[in-house]
Amino acid sequence: MVLPLRASGAVVAVVLVFGFVAGCSDVEPDAGAAAPAAKSTPSPSPTPSTTPVPPAPADGELPRSGRQIFPKHQLVGYVGLPGSPSLGPLDKDLDVKAAKLEKLAKSYAAGRTPLPVMELIVVVANGHPGKDGLYRSQIPDAKIQNYLAVARKHRMLLLLDIQPGRSKILTEVKRQERWLKEPDVGLAFDPEWAVGPGQVPGRVFGRTTGAELNSIATYLSGLVRQHDLPEKVFVFHQLSARILSNEQAFKQHPGVVTIKSVDGIGNRIDKEATWRKLTPKMAPGVHAGFKLFYTEDTRHGPLMTPAQVLALKPRPELVIYE
(Lines give C-alpha, C1' and ligand atoms only; values in the text may rest on other atoms or scores of the structure.)
Protein backbone atom coordinates (compact mmCIF):
# COMPACT_ATOMS: atom_id res chain seq x y z
CA MET A 1 0.00 0.00 0.00
CA VAL A 2 1.09 3.58 -0.48
CA LEU A 3 1.51 6.28 2.09
CA PRO A 4 0.60 9.80 0.95
CA LEU A 5 2.74 12.54 2.45
CA ARG A 6 2.10 16.25 2.22
CA ALA A 7 4.90 18.68 1.49
CA SER A 8 5.00 22.24 0.11
CA GLY A 9 1.32 22.19 -0.85
CA ALA A 10 1.67 19.00 -2.90
CA VAL A 11 0.60 15.45 -2.31
CA VAL A 12 3.56 13.09 -2.55
CA ALA A 13 2.89 9.35 -2.72
CA VAL A 14 5.58 7.18 -1.19
CA VAL A 15 5.22 3.41 -1.36
CA LEU A 16 6.51 1.59 1.69
CA VAL A 17 7.41 -2.06 2.00
CA PHE A 18 6.04 -3.29 5.33
CA GLY A 19 8.32 -5.69 7.12
CA PHE A 20 11.29 -4.50 5.07
CA VAL A 21 11.31 -0.77 5.80
CA ALA A 22 14.10 0.42 8.08
CA GLY A 23 12.66 1.05 11.52
CA CYS A 24 9.59 -1.12 10.97
CA SER A 25 8.72 -2.84 14.24
CA ASP A 26 6.12 -5.21 12.88
CA VAL A 27 6.77 -8.69 11.56
CA GLU A 28 6.56 -9.73 7.93
CA PRO A 29 2.94 -9.78 6.72
CA ASP A 30 1.06 -12.57 5.01
CA ALA A 31 2.16 -13.64 1.53
CA GLY A 32 1.27 -11.04 -1.02
CA ALA A 33 0.64 -8.30 1.55
CA ALA A 34 3.63 -6.03 0.98
CA ALA A 35 3.80 -3.55 -1.87
CA PRO A 36 7.05 -3.22 -3.84
CA ALA A 37 8.90 0.07 -3.50
CA ALA A 38 8.15 2.71 -6.11
CA LYS A 39 8.23 6.46 -6.52
CA SER A 40 5.63 8.90 -7.69
CA THR A 41 5.93 12.38 -9.13
CA PRO A 42 4.32 15.01 -6.91
CA SER A 43 1.18 16.61 -8.28
CA PRO A 44 0.16 20.22 -7.57
CA SER A 45 -2.80 20.87 -5.28
CA PRO A 46 -4.64 23.93 -6.64
CA THR A 47 -7.35 25.67 -4.68
CA PRO A 48 -10.41 23.50 -5.30
CA SER A 49 -13.49 24.85 -7.02
CA THR A 50 -16.85 23.53 -5.94
CA THR A 51 -19.08 21.57 -8.31
CA PRO A 52 -22.83 21.81 -7.59
CA VAL A 53 -24.17 18.50 -6.33
CA PRO A 54 -27.23 17.05 -8.07
CA PRO A 55 -30.16 16.07 -5.83
CA ALA A 56 -29.95 12.82 -3.89
CA PRO A 57 -31.68 9.77 -5.35
CA ALA A 58 -35.45 10.06 -5.16
CA ASP A 59 -37.43 8.56 -2.28
CA GLY A 60 -34.33 7.87 -0.23
CA GLU A 61 -33.24 5.05 -2.51
CA LEU A 62 -29.86 3.82 -3.69
CA PRO A 63 -28.48 5.29 -6.93
CA ARG A 64 -29.91 2.49 -9.07
CA SER A 65 -33.16 1.97 -7.16
CA GLY A 66 -34.09 0.05 -4.07
CA ARG A 67 -32.93 0.35 -0.48
CA GLN A 68 -31.00 -2.91 -0.11
CA ILE A 69 -27.49 -3.58 -1.40
CA PHE A 70 -27.42 -7.38 -1.55
CA PRO A 71 -28.22 -9.77 -3.14
CA LYS A 72 -29.42 -7.52 -5.98
CA HIS A 73 -26.25 -5.57 -6.61
CA GLN A 74 -22.65 -6.32 -7.50
CA LEU A 75 -20.33 -3.56 -6.31
CA VAL A 76 -17.26 -2.65 -8.38
CA GLY A 77 -15.12 0.34 -7.51
CA TYR A 78 -12.18 2.58 -8.20
CA VAL A 79 -10.20 4.14 -5.35
CA GLY A 80 -8.28 7.39 -5.43
CA LEU A 81 -7.10 10.69 -4.01
CA PRO A 82 -7.10 13.99 -5.93
CA GLY A 83 -3.72 14.59 -7.54
CA SER A 84 -2.20 11.25 -6.50
CA PRO A 85 -2.23 8.76 -9.40
CA SER A 86 -0.26 6.17 -7.41
CA LEU A 87 -3.22 5.85 -5.02
CA GLY A 88 -5.66 4.71 -7.68
CA PRO A 89 -7.52 5.79 -10.82
CA LEU A 90 -9.68 8.46 -9.17
CA ASP A 91 -7.01 11.15 -9.14
CA LYS A 92 -8.47 13.32 -11.95
CA ASP A 93 -10.64 13.22 -15.11
CA LEU A 94 -13.49 11.84 -13.04
CA ASP A 95 -16.10 11.71 -15.80
CA VAL A 96 -13.70 9.74 -18.01
CA LYS A 97 -12.88 7.39 -15.13
CA ALA A 98 -16.58 6.98 -14.34
CA ALA A 99 -17.24 5.82 -17.91
CA LYS A 100 -14.43 3.25 -17.63
CA LEU A 101 -15.72 2.10 -14.27
CA GLU A 102 -19.21 1.67 -15.70
CA LYS A 103 -17.86 -0.64 -18.40
CA LEU A 104 -15.75 -2.57 -15.89
CA ALA A 105 -18.68 -3.03 -13.52
CA LYS A 106 -20.75 -4.64 -16.26
CA SER A 107 -18.07 -7.32 -16.68
CA TYR A 108 -18.77 -8.40 -13.08
CA ALA A 109 -22.56 -8.53 -13.33
CA ALA A 110 -22.94 -12.34 -13.43
CA GLY A 111 -26.68 -12.22 -12.77
CA ARG A 112 -26.66 -9.11 -10.59
CA THR A 113 -27.20 -5.39 -11.18
CA PRO A 114 -23.81 -3.62 -11.37
CA LEU A 115 -23.50 -0.73 -8.92
CA PRO A 116 -20.24 1.19 -9.44
CA VAL A 117 -18.47 2.66 -6.41
CA MET A 118 -16.12 5.65 -6.16
CA GLU A 119 -13.91 5.21 -3.08
CA LEU A 120 -12.38 8.55 -2.19
CA ILE A 121 -9.58 8.75 0.39
CA VAL A 122 -10.71 11.67 2.56
CA VAL A 123 -8.44 11.22 5.60
CA VAL A 124 -4.84 10.47 4.64
CA ALA A 125 -2.22 8.91 6.94
CA ASN A 126 1.01 10.92 6.95
CA GLY A 127 4.61 10.16 7.82
CA HIS A 128 4.89 13.46 9.69
CA PRO A 129 2.89 14.52 12.79
CA GLY A 130 1.19 17.65 11.53
CA LYS A 131 0.14 20.50 13.81
CA ASP A 132 -1.91 18.27 16.11
CA GLY A 133 0.57 15.37 16.19
CA LEU A 134 -1.95 12.87 14.81
CA TYR A 135 -0.13 11.89 11.58
CA ARG A 136 -3.09 12.40 9.32
CA SER A 137 -4.72 15.12 7.23
CA GLN A 138 -8.10 15.57 5.57
CA ILE A 139 -8.87 16.73 2.07
CA PRO A 140 -11.09 19.84 1.76
CA ASP A 141 -14.86 19.48 1.82
CA ALA A 142 -14.96 21.14 -1.60
CA LYS A 143 -13.14 18.17 -3.10
CA ILE A 144 -15.49 15.70 -1.42
CA GLN A 145 -18.40 17.67 -2.85
CA ASN A 146 -16.88 17.48 -6.33
CA TYR A 147 -16.59 13.69 -6.10
CA LEU A 148 -20.14 13.37 -4.81
CA ALA A 149 -21.37 15.47 -7.72
CA VAL A 150 -19.69 13.13 -10.22
CA ALA A 151 -20.93 10.03 -8.38
CA ARG A 152 -24.51 11.31 -8.53
CA LYS A 153 -24.21 12.33 -12.15
CA HIS A 154 -23.28 8.74 -13.02
CA ARG A 155 -25.59 7.09 -10.43
CA MET A 156 -22.75 5.61 -8.39
CA LEU A 157 -22.08 5.12 -4.70
CA LEU A 158 -19.45 7.27 -3.00
CA LEU A 159 -17.36 5.70 -0.22
CA LEU A 160 -15.31 7.91 2.11
CA ASP A 161 -12.07 6.11 2.94
CA ILE A 162 -10.33 6.93 6.24
CA GLN A 163 -6.68 6.33 7.16
CA PRO A 164 -6.72 7.72 10.73
CA GLY A 165 -3.02 7.76 11.66
CA ARG A 166 -2.86 8.32 15.43
CA SER A 167 -6.35 9.78 15.56
CA LYS A 168 -9.31 7.76 16.82
CA ILE A 169 -11.17 6.17 13.95
CA LEU A 170 -14.63 6.94 15.36
CA THR A 171 -13.65 10.59 15.80
CA GLU A 172 -12.66 10.77 12.14
CA VAL A 173 -15.83 8.97 11.05
CA LYS A 174 -18.06 11.38 12.96
CA ARG A 175 -16.35 14.32 11.27
CA GLN A 176 -17.80 13.00 8.01
CA GLU A 177 -21.39 13.03 9.28
CA ARG A 178 -22.38 15.82 6.89
CA TRP A 179 -21.71 13.41 4.04
CA LEU A 180 -22.66 10.12 5.71
CA LYS A 181 -26.22 11.41 6.21
CA GLU A 182 -26.61 11.23 2.43
CA PRO A 183 -28.35 8.10 1.05
CA ASP A 184 -25.61 7.35 -1.50
CA VAL A 185 -22.51 7.84 0.67
CA GLY A 186 -20.83 4.98 2.57
CA LEU A 187 -17.64 4.47 4.56
CA ALA A 188 -14.34 2.63 4.17
CA PHE A 189 -11.75 2.13 6.93
CA ASP A 190 -8.07 1.31 6.35
CA PRO A 191 -6.91 -0.09 9.72
CA GLU A 192 -3.36 -0.74 8.52
CA TRP A 193 -2.98 3.05 8.86
CA ALA A 194 -4.52 3.23 12.37
CA VAL A 195 -1.50 3.39 14.69
CA GLY A 196 -1.09 3.86 18.42
CA PRO A 197 0.72 6.51 20.49
CA GLY A 198 4.41 6.66 19.66
CA GLN A 199 3.92 4.85 16.34
CA VAL A 200 4.31 6.27 12.84
CA PRO A 201 2.15 5.17 9.91
CA GLY A 202 4.21 3.18 7.42
CA ARG A 203 6.78 2.08 9.98
CA VAL A 204 4.40 -0.35 11.66
CA PHE A 205 1.15 -2.00 10.71
CA GLY A 206 -1.87 -0.32 12.20
CA ARG A 207 -4.49 -2.51 13.83
CA THR A 208 -8.13 -2.70 14.80
CA THR A 209 -10.48 -5.03 16.67
CA GLY A 210 -13.91 -6.50 16.21
CA ALA A 211 -15.11 -4.26 19.04
CA GLU A 212 -13.82 -1.14 17.27
CA LEU A 213 -15.56 -2.16 14.05
CA ASN A 214 -18.72 -2.58 16.12
CA SER A 215 -18.47 1.00 17.36
CA ILE A 216 -18.26 2.29 13.79
CA ALA A 217 -21.16 0.16 12.56
CA THR A 218 -23.28 1.15 15.57
CA TYR A 219 -22.79 4.82 14.71
CA LEU A 220 -23.66 4.24 11.04
CA SER A 221 -26.74 2.25 12.00
CA GLY A 222 -27.89 5.18 14.10
CA LEU A 223 -27.59 7.52 11.12
CA VAL A 224 -29.60 5.12 8.94
CA ARG A 225 -32.35 4.95 11.54
CA GLN A 226 -32.39 8.67 12.33
CA HIS A 227 -32.47 9.82 8.71
CA ASP A 228 -34.47 6.94 7.19
CA LEU A 229 -31.63 6.02 4.84
CA PRO A 230 -31.24 2.99 2.59
CA GLU A 231 -28.65 0.41 3.60
CA LYS A 232 -25.25 1.98 4.14
CA VAL A 233 -22.05 0.28 2.97
CA PHE A 234 -19.25 -0.07 5.51
CA VAL A 235 -15.99 -1.52 4.12
CA PHE A 236 -12.96 -2.42 6.18
CA HIS A 237 -9.74 -3.26 4.36
CA GLN A 238 -7.47 -6.09 5.47
CA LEU A 239 -4.24 -7.34 3.90
CA SER A 240 -2.93 -9.39 6.84
CA ALA A 241 -4.47 -11.47 9.61
CA ARG A 242 -2.45 -9.45 12.14
CA ILE A 243 -4.35 -6.25 11.36
CA LEU A 244 -7.68 -7.40 12.84
CA SER A 245 -8.03 -9.14 16.22
CA ASN A 246 -11.10 -10.71 17.82
CA GLU A 247 -12.96 -10.50 14.52
CA GLN A 248 -15.77 -12.73 15.75
CA ALA A 249 -16.79 -10.02 18.24
CA PHE A 250 -18.24 -8.06 15.34
CA LYS A 251 -22.05 -8.18 15.16
CA GLN A 252 -24.56 -7.30 12.46
CA HIS A 253 -26.14 -3.85 12.72
CA PRO A 254 -29.51 -2.86 11.23
CA GLY A 255 -29.17 -0.90 8.01
CA VAL A 256 -25.41 -1.43 7.68
CA VAL A 257 -23.89 -3.72 5.04
CA THR A 258 -20.40 -4.63 6.24
CA ILE A 259 -17.80 -5.83 3.74
CA LYS A 260 -14.30 -7.13 4.36
CA SER A 261 -12.04 -6.16 1.46
CA VAL A 262 -9.15 -8.62 1.19
CA ASP A 263 -6.23 -6.48 0.00
CA GLY A 264 -3.35 -8.89 -0.50
CA ILE A 265 -0.83 -7.83 -3.15
CA GLY A 266 0.99 -10.16 -5.53
CA ASN A 267 0.40 -12.69 -8.26
CA ARG A 268 -2.78 -14.69 -8.56
CA ILE A 269 -1.47 -17.56 -6.43
CA ASP A 270 -0.48 -15.26 -3.58
CA LYS A 271 -3.70 -13.27 -3.74
CA GLU A 272 -5.82 -16.41 -3.66
CA ALA A 273 -3.77 -17.72 -0.72
CA THR A 274 -4.47 -14.51 1.22
CA TRP A 275 -8.15 -14.85 0.29
CA ARG A 276 -8.31 -18.40 1.66
CA LYS A 277 -6.61 -17.25 4.84
CA LEU A 278 -8.81 -14.24 5.60
CA THR A 279 -12.30 -15.07 4.37
CA PRO A 280 -12.99 -18.09 6.65
CA LYS A 281 -12.55 -15.79 9.67
CA MET A 282 -15.30 -13.38 8.69
CA ALA A 283 -17.90 -12.76 11.38
CA PRO A 284 -21.46 -13.89 10.57
CA GLY A 285 -23.19 -11.50 8.18
CA VAL A 286 -20.00 -9.90 6.84
CA HIS A 287 -19.71 -9.90 3.05
CA ALA A 288 -16.55 -10.59 1.07
CA GLY A 289 -14.70 -8.02 -1.02
CA PHE A 290 -11.53 -8.25 -3.11
CA LYS A 291 -8.96 -5.64 -4.14
CA LEU A 292 -6.80 -5.50 -7.26
CA PHE A 293 -3.77 -3.24 -7.77
CA TYR A 294 -3.04 -2.06 -11.29
CA THR A 295 0.63 -1.41 -10.56
CA GLU A 296 1.68 -3.56 -7.59
CA ASP A 297 -0.11 -6.75 -8.70
CA THR A 298 1.18 -6.57 -12.26
CA ARG A 299 4.79 -6.48 -11.05
CA HIS A 300 4.23 -10.13 -10.12
CA GLY A 301 2.20 -11.29 -13.13
CA PRO A 302 -0.93 -10.47 -15.13
CA LEU A 303 -3.83 -8.78 -13.36
CA MET A 304 -6.58 -11.21 -12.42
CA THR A 305 -9.54 -11.16 -14.79
CA PRO A 306 -13.17 -10.65 -13.74
CA ALA A 307 -13.84 -14.33 -14.43
CA GLN A 308 -10.97 -15.37 -12.15
CA VAL A 309 -12.14 -13.02 -9.40
CA LEU A 310 -15.74 -14.21 -9.61
CA ALA A 311 -14.53 -17.81 -9.36
CA LEU A 312 -13.33 -17.17 -5.79
CA LYS A 313 -15.36 -18.73 -3.00
CA PRO A 314 -17.20 -17.01 -1.44
CA ARG A 315 -18.08 -14.71 -4.31
CA PRO A 316 -16.56 -11.24 -3.86
CA GLU A 317 -19.57 -8.94 -3.73
CA LEU A 318 -17.34 -5.87 -3.89
CA VAL A 319 -14.30 -5.65 -6.20
CA ILE A 320 -12.07 -2.58 -5.87
CA TYR A 321 -9.30 -1.44 -8.21
CA GLU A 322 -6.43 0.74 -7.02
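Residues numbered from 1 in each chain as written. Predicted model: local features only at pLDDT ≥ 70, side-chain atom pairs only at ≥ 80, totals over all residues. Heavy atoms only, no water.

Novice: Is there a simple way to explain the overall build of the protein chain in this structure?
Specialist: In terms of helices and strands, the protein chain carries seven helices and 14 strands. Out of the 322 residues in the protein chain, the part that is buried amounts to 57%. Of the contacts formed within the protein chain by residues at least 6 apart in sequence, a portion of 75% connects residues at least 24 apart. Taken as a whole, the protein chain presents about 12,700 Å² of accessible surface, with 55% of it coming from carbon and sulfur. (Helix = DSSP H or I, 4+ residues; strand = E, 2+ residues; numbered from the N terminus. Buried < 20%, exposed > 50% of the residue type's maximum accessible area, 1.4 Å probe, protein only. Contact = heavy atoms within 4.5 Å. Areas by Shrake-Rupley, 256 points an atom, 1.4 Å probe, with all protein chains shown as cover.)

Novice: Which parts of the structure should I look at to understand helix α6 (residues 268-278)?
Specialist: Each α-helix turn comprises 3.6 residues. Residues three or four places apart therefore point the same way. Buried within α6 we find Lys271, Glu272, Thr274, Trp275 and Leu278. Projection of α6 onto a plane perpendicular to its axis shows the buried side chains occupying an angular sector of 155°, all on one side. Of the residues in α6, the exposed ones pointing more than 90 degrees away from the buried face are Ile269 and Arg276. Where α6 is buried, its residues contact β10 (232-238), β12 (256-262) and β13 (287-292). For α6, the N-terminal capping position is held by Asn267, with its side-chain oxygen 3.1 Å away from the main-chain nitrogen of Ile269. (Arc of directions from axis to C-beta. Polar contact = N/O pair within 3.5 Å; in protein donor to acceptor, adjacent residues only side chain to side chain.)

Novice: Would you take a moment to explain the environment of Leu180 for this structure?
Specialist: Position of Leu180 among the secondary structure elements: in helix α4 (residues 177-180). As a C-alpha pair, Leu180 and Val224 span 44 residues in sequence and 9.1 Å in three-dimensional space. Those residues within four positions of Leu180 in sequence are excluded, and the remaining contacts are Leu160, Val173, Val185, Gly186, Leu187, Tyr219, Leu220, Leu223, Leu229 and Lys232.

Novice: Help me understand the nonpolar core in this model?
Specialist: Soluble globular proteins tend to bury their nonpolar side chains together. Counting residues in hydrophobic clusters, the biggest one holds 77 residues, and the most contacted among them are Leu75, Tyr108, Met118, Leu158, Leu180 and Phe234. Of all the elements, strand β5 (residues 113-125) adds the most residues to this core, at eight residues. (Core = buried A, V, L, I, M, F, W, Y, C linked by side-chain atoms within 4.5 Å.)

Novice: I tried to follow the environment of Thr274 on my own but got confused; where do I start?
Specialist: Within the fold, Thr274 resides in helix α6. Judged by its relative accessible area of 2%, Thr274 falls in the buried class.

Novice: Would you mind going over the side chain of Glu119 with me for this structure?
Specialist: Turning to its location among the elements, Glu119 is positioned in strand β5. Here the side chain of Glu119 touches His237 through a polar contact of 2.8 Å, side chain to side chain. For Glu119, the contacting residues outside a window of four places in its chain are Tyr78, Val79, Gly80, Leu90, Leu159, Asp161, Ala188, His237 and Ile320.

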